[in-house]
Amino acid sequence: MSEGPSRREYLGGVGAVLAAGLAGCSNALGDTEGTATGNETTANATPTTNTTTNATRSADGTPSPYTRVYRNTIQSVVLIDATTPAGPATGSGFVYRNGYVVTNEHVVSEASSVRVRFAEGGWRSASVVGTDVSSDLAVLEVTNKPGYATALPLVEEQPPIGTEVVAIGNPYGRFDGSASTGIVSGVNRSIPAQNGYTIPDAVQTDAAVNPGNSGGPLMDLDSRVVGVINSGGGENIAFAISAALVERVVPALIEDGTYAHAYLGVASATMTPSLAEANGLDRTRGVYVDAVSRDGPAAGVLRGTQDRRRVEGGAVPTGGDVIVGVGGTGIDTRQELSSYLALNASPGETVPVTVRRNGNRRTLDVTLGERPEREGAGVAAGEPTTPGGTPTG
């Protein structure tokens, strides 16, 4: 959708890194708030009219790897035009299995009509099959999808940092079929969702990403989707929803129109030296539980903050459990806990949660629930007191 007030409010809490705005959708008239970062190469969306220059070929005359990725991908990438309550909006998307188109939820949120344009031109009507605000993913079904627009494969494992990638999409809704290059500069990041939760397991890249790129694919040099571009606009920093989370959420959106996220019901923070000192722990590994939802799955099982202790002039929470494992998987950080819940757990599933409590290690069974629509339903009123603490889900 266009960068309206609600979008700006959402970004306001992200911090300096994402303060420049969502990469994501741009107003169809082009009056967006994002600014270009890095070097971006634009190309005509119709592959048959592309010209080849010396820059696109290696020394032996073969196309560059970026050119190959672009040519292998562009016919499966779409420009999205949506009519939303905030006005006309544009974004990007790509063809997924069985001919469905994947994009961001914020691109088509509450849209009354959606049209898509493929690489060889011509607009086609599309309907929204399902959306999930917690992962910022949406699925479209397109009328009369062209046969040349085939499904793009997704990576099966998270790419290592340093992997070269190509972002393909429609920045600002005007520069159709653009490509920008970079590397995977971080993995397992947490990025904000519009309902107050965080999207775990995100891929960070330094490829140039701008408003209008949202929903487009971030590709590796084997022409596989590394992630769905979600946000950008900072200093050489942008994010994509991981292929693993896409493969978890999108099939459910196709089948049911919605996706149920596993919910533990705690506000938490990665352990810090001050938290470890205040709680008499010799290691900073694990996730400190600051608060437990009154009626949530962990109520009566996990324990939140009981008191405060002054450490280096500040009041530090004490007495909360420290989660060090879930389902047999070691947990060192809050990001790892969020990723486990998102990628490995389901509502109604009972999982063993290993904690350190009063210096002792114990394993407790928690039956996970379904995440409420918005964060803050009973978890410290959405205001965790742990330094850096935020709801985990």
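Each value, and the rule that gives it
- Residues numbered from 1 in each chain as written.
- Predicted model: local features only at pLDDT ≥ 70, side-chain atom pairs only at ≥ 80, totals over all residues.
- Heavy atoms only, no water.
- Core = buried A, V, L, I, M, F, W, Y, C linked by side-chain atoms within 4.5 Å.
- Buried < 20%, exposed > 50% of the residue type's maximum accessible area, 1.4 Å probe, protein only.
- Contact = heavy atoms within 4.5 Å.
- Helix = DSSP H or I, 4+ residues; strand = E, 2+ residues; numbered from the N terminus.
- Polar contact = N/O pair within 3.5 Å; in protein donor to acceptor, adjacent residues only side chain to side chain.
- Salt bridge = Lys/Arg side-chain N within 4 Å of Asp/Glu carboxyl O.
- Pairing = 2+ DSSP bridges.
- Axes fitted to C-alpha atoms, helices over the stretch in contact; angles between N-to-C directions.

A.B. asks: Could you clarify how one ought to interpret the nonpolar core in this entry?
C.D. replies: Ranked by size, the top nonpolar core spans 47 residues in total, and within it Leu137, Ile168, Leu218 and Val246 carry the most contacts. In this view, valine 246 contacts Tyr96, Leu137, Leu154, Val228, Ile241 and Pro251; residues no more than four positions away in its chain are not counted.

A.B. asks: Where do I start with the side chain of asparagine 170 in this structure?
C.D. replies: As for its placement among the helices and strands, asparagine 170 is situated in the loop between β8 (164–169) and β9 (178–192). Polar side-chain contacts of asparagine 170 include one of 3.1 Å to the backbone oxygen of valine 78. For asparagine 170, the contacting residues outside a window of four places in its chain are Val78, Leu79, Gly91, Ser92, Phe175, Asp176, Gly177, Pro211, Gly212 and Asn213.

A.B. asks: So what exactly am I meant to see when it comes to the pattern of salt bridges here?
C.D. replies: Between side chains of opposite charge, pairing is possible as soon as their charged atoms come close. For the coordinates displayed, the defined rule picks out eight salt bridges. A salt bridge links aspartate 81 to arginine 115, with the nearest nitrogen and oxygen atoms 3.5 Å apart. Here aspartate 81 is found in strand β2 (residues 77–84), whereas its partner arginine 115 is found in strand β5 (residues 113–117), with 34 residues between them in sequence. Judged by relative accessible area, arginine 115 falls into the partly exposed class, the value being 38%. Bridged by salt links that share partners, the residues Asp220, Asp222 and Arg224 form one connected network.

A.B. asks: What am I meant to see in the sheet that holds strand β11 (residues 217–220) here?
C.D. replies: Strands sit in the order β8-β9-β10-β13-β12-β11 around a closed barrel of six strands; the barrel is antiparallel. On average, adjacent strands in this sheet sit at an angle of 50° to one another, irrespective of strand direction. Where β11 meets strand β12 (residues 225–231), three bridges bridge the pair, whose relative direction is antiparallel. Bridge assignment links proline 217 to a residue of β12, and that residue is valine 228. On top of the sheet, helix α2 (residues 65–73) reaches β8, β9 and β11; it is set at about 40° to β8, its chief contact. Contacts from helix α6 (residues 334–344) reach β9 and β10 (198–205) within the one sheet, and its direction differs from that of β10 by about 110°.

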